[in-house]
Amino acid sequence: MPFGECTVTLQDVAFQLGLPVDGEAVSGCLGEFEKYMEGGRPAWEWFEDLFGERPPPNKVKHMTVHFTWFHERFRVLPPDASEETVRIYARAYIMMLLSTQLFGDKSANRVHIRWLPFVANLDDMGRYSWGSAALAWLYRCMCRVANMNVTNLAGPLQLLQSWIFWRFPSLRPAGFEVFSFPLASRWSAYLPPNDGKEQRVIRYRLALDRLTARDIVWEPYSALDVLAVVHPEILTEEHSRMWRAVTTLIYFAVIEWHQVDRVVPQLGGVQHILEDVFSRAMEPSIVHVTPRIHRGRSAYDSSQSPYICATAFCFANHTFR
């Protein structure tokens, strides 16, 4: 921005989406991964066990299922549903949420069965760092859309939109004064007008060029009315330490840096001159990487191990207060 750097951080993910930013990495096998599920059990057999049936062949493409099949089949829970039926519908809802909202691609209409290992045991889903994975995917999608031949932006766009509206009041739509937790739900009913899109783009570009440091809310989450609605766990010191960590964000084969040391004012600090914190941990030229697909049960067993070591190093030595 004209006044300096700002970006979406783990703090924003925690407040805006309410997702955990600590836990195990969201990773696994992407290439021929079905061979490694449950000791080599065919993936579609496992799918049938978890959802009670297989989708029709015309709704399947490679390792994805068309969104409409999930939506039509599991849209309404039967009134006399058993506990197992409730679990099946919960798995379907989570699969749709992950594939089309948090980790959606440009198609936005495919549900990947890579999520089977995660939804098989619903009680274990909370142990993963879904927040850092979603932020990694947003970073990667924003980097891709910066290429001149790319026109569409994928990823968790509700996070990006809400971040903009909370941070930049001049870009915020009128109304929507009432909010609750997670904070991104504030704009759930917002629908931008379809007319005059070209003029709006020109107007927003001009507004961005004219922004000053007074036009950004550096600490929107410190307001008392915000603190009154957020989940208490987010406000703990143990949780907030993760926001201040210069670390890596992992989402399967996507690895991105959480360079929060470049946007210290967003956490209430004064921006300092940056030191080369990566030179002692790994090559300083790396901003983000996509390692080769590891054909094993865990995609980060070997190819991502340098970045996990770098994560531990940076978290131990370069958090700030």
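Calculation rules
Residues numbered from 1 in each chain as written. Predicted model: local features only at pLDDT ≥ 70, side-chain atom pairs only at ≥ 80, totals over all residues. Heavy atoms only, no water. Helix = DSSP H or I, 4+ residues; strand = E, 2+ residues; numbered from the N terminus. Buried < 20%, exposed > 50% of the residue type's maximum accessible area, 1.4 Å probe, protein only. Areas by Shrake-Rupley, 256 points an atom, 1.4 Å probe, with all protein chains shown as cover. Contact = heavy atoms within 4.5 Å. Phe/Tyr/Trp six-rings, centres within 6.5 Å; stacked < 30°, edge-to-face > 60°. Lys NZ or Arg CZ within 6 Å of the ring centre and 35° of its normal.

The name recorded for the chain in an unreviewed UniProt entry is Aminotransferase-like plant mobile domain-containing protein, from Arachis hypogaea.

K.L.:
It is not clear to me how the overall build of the chain should be interpreted in this structure. Could you clarify?
P.N.:
Of the regular secondary structure elements, the chain holds eleven helices and six strands. Per-residue burial over the chain gives 43% buried out of 321 residues. Of the roughly 17,000 Å² of accessible surface on the chain, 54% is carried by carbon and sulfur atoms.

K.L.:
Please explain helix 1 (residues 10–17) as it appears in this structure.
P.N.:
In an α-helix, one turn spans 3.6 residues, which is why side chains three or four residues apart end up on the same side. Counting buried residues in helix 1 gives eight out of eight residues, a clear majority hidden from the surface. Residues of helix 1 that are buried: Leu-10, Gln-11, Asp-12, Val-13, Ala-14, Phe-15, Gln-16 and Leu-17. Looking at the buried positions of helix 1, the neighbouring elements they touch are helix 4 (83–102), helix 6 (130–145), helix 7 (157–167), helix 10 (237–243), strand 4 (247–251) and strand 5 (254–258). Phi turns positive, to about 70 degrees, at Gly-18, one or two residues after helix 1.

K.L.:
Help me out: how do you make sense of the packing of aromatic side chains in this one?
P.N.:
Given two aromatic rings, their pairing is described by the distance between the two centres and the angle made by the two planes. For the structure on display, the rule yields 32 aromatic pairs. Pairing Phe-118 with Phe-252 gives two aromatic rings, centres 6.3 Å apart and planes at 70 degrees, and the pair type is edge-to-face. Taken as a pair, Phe-118 in helix 5 (residues 116–119) and Phe-252 in the loop between strand 4 and strand 5 lie far apart in primary sequence, 134 residues in all. Across the pair, Phe-252 and Phe-118 agree in class, each one buried. The ring of Trp-166 carries Arg-186 above its face, with NZ or CZ at 4.7 Å from the centroid.

K.L.:
Would you mind going over the environment of Phe-70 with me for this structure?
P.N.:
Tracing the chain through its elements places Phe-70 in helix 3 (residues 67–73). Its relative accessible area of 0% is what places Phe-70 among the buried residues. Along the sequence, Phe-70 and Met-96 sit 26 residues apart, while their C-alpha atoms lie 7.4 Å from each other. Apart from the residues lying within four places of it in its own chain, the contact partners of Phe-70 are Phe-47, Phe-51, Val-65, Arg-75, Ala-92, Met-95, Met-96 and Val-111.

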